[in-house]
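# Geometric and topological summary
Next come the chains, spelled out residue by residue.
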Amino acid sequence: MKIVSIFDEQLYAFHHSGEADNEFDRLMELWTDVEYLKNYAETNNITNIKEFVESRLEEVDEIQDLLEELTTQKQPLDYYFEPLSPSEYQERILSLKKGKIKHNQLRIYAVKIDKDCFIITGGAIKMSQTMQGHPDTTSELAKLNRAKDYLTSQGIIDLDSFYELIDELHD
């Protein structure tokens, strides 16, 4: 496993061994694959498949544009990533976050390392009110918790220890 930089020492993503892409690139590819979106809509009993696909394609562009704008203008990524649950509102290391834009069903999940530094663990198309309400988001919650446990086991307590881990993983 590696941790790769997505946007300039602010946003990272896990890149799991055996996978072609890191989690951010995997999601962007998946969410722009029209055939995948059509199949997803059919599997989830979406009635207007064309509208579903078009909306997801617009939403992925919106996410990419917002993340690029925030990072190039040195704006806090907290504008996009919000606490996963009320207990995560405390500003503490390794808090669980979800990337969310109002009226956008695409969610990117991340662990907050420190002020304005996040690692993407995965993402899902939001199909239920709670993460436990759909198999995809339930799976993503498990990935988030495994990532947090991994980072804790590696002694990540601040930004410096995070950068040390990245250096070790790339040696």
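### Comments concerning the pattern of salt bridges
Scanning all chains against the criterion turns up seven salt bridges. In this structure, Arg26 and Glu23 form a salt bridge, with 2.8 Å as the shortest nitrogen-oxygen distance. Here Glu23 and Arg26 lie together in helix 1 (residues 23–31), a separation of three residues that amounts to about one turn. A residue is classified by how much of its surface remains accessible, and Arg26, at 23% relative accessible area, is partly exposed. Here Glu82 ties to Lys100 by a salt bridge, and the two come within 4.0 Å at their closest N and O atoms. Of this pair, Glu82 sits in strand 3 (residues 81–83) while Lys100 sits in the loop between strand 4 (95–99) and strand 5 (106–114); the two residues are 18 residues apart in sequence, bridging distant segments of the chain. In this structure Lys100 comes out as partly exposed when scored by relative accessible area, which is 32%. The structure contains a network of salt bridges with shared partners spanning Glu23, Arg26, Glu140 and Lys143.

### A look at the sheet that holds strand 5
On the basis of which strands lie adjacent, the open sheet formed by six strands has the order 1-2-6-5-4-3 and mixed pairing. At either margin of the open sheet sits one strand with a lone partner, and together these are strand 1 (2–7) and strand 3. Averaged over neighbouring strand pairs, the angle between their axes works out to 40° when direction is ignored. With eight bridges joining them, strand 5 and strand 6 (residues 117–125) adopt antiparallel strand pairing. Across the sheet, Ile108 pairs through a bridge with Gly123, a residue of strand 6. In the packing of helix 1 onto the sheet, contacts are made with strand 1, strand 2 (11–15), strand 5 and strand 6, and the angle to strand 6 comes to roughly 30°. Packing of helix 5 (residues 159–169) onto the sheet brings it into contact with strand 1, strand 2, strand 5 and strand 6, and relative to strand 1 it is tilted by some 115°.

### A short note on the nonpolar core
Counting residues in each nonpolar core, the largest one holds 27 residues, and the members touching the most others are Trp31, Leu67, Phe81 and Ile108. For this core, the elements supplying multiple residues, two or more each, are strand 1, strand 2, helix 1, helix 2 (34–43), helix 3 (49–72), strand 5 and strand 6. In terms of residues, this core owes the most to one element, helix 3, which gives six residues. Of all hydrophobic cores here, the second largest spans 22 residues; its members include Tyr12, Phe14, Tyr150 and Ile166.

Rules behind the numbers
Residues numbered from 1 in each chain as written. Predicted model: local features only at pLDDT ≥ 70, side-chain atom pairs only at ≥ 80, totals over all residues. Heavy atoms only, no water. Salt bridge = Lys/Arg side-chain N within 4 Å of Asp/Glu carboxyl O. Helix = DSSP H or I, 4+ residues; strand = E, 2+ residues; numbered from the N terminus. Buried < 20%, exposed > 50% of the residue type's maximum accessible area, 1.4 Å probe, protein only. Pairing = 2+ DSSP bridges. Axes fitted to C-alpha atoms, helices over the stretch in contact; angles between N-to-C directions. Contact = heavy atoms within 4.5 Å. Core = buried A, V, L, I, M, F, W, Y, C linked by side-chain atoms within 4.5 Å.

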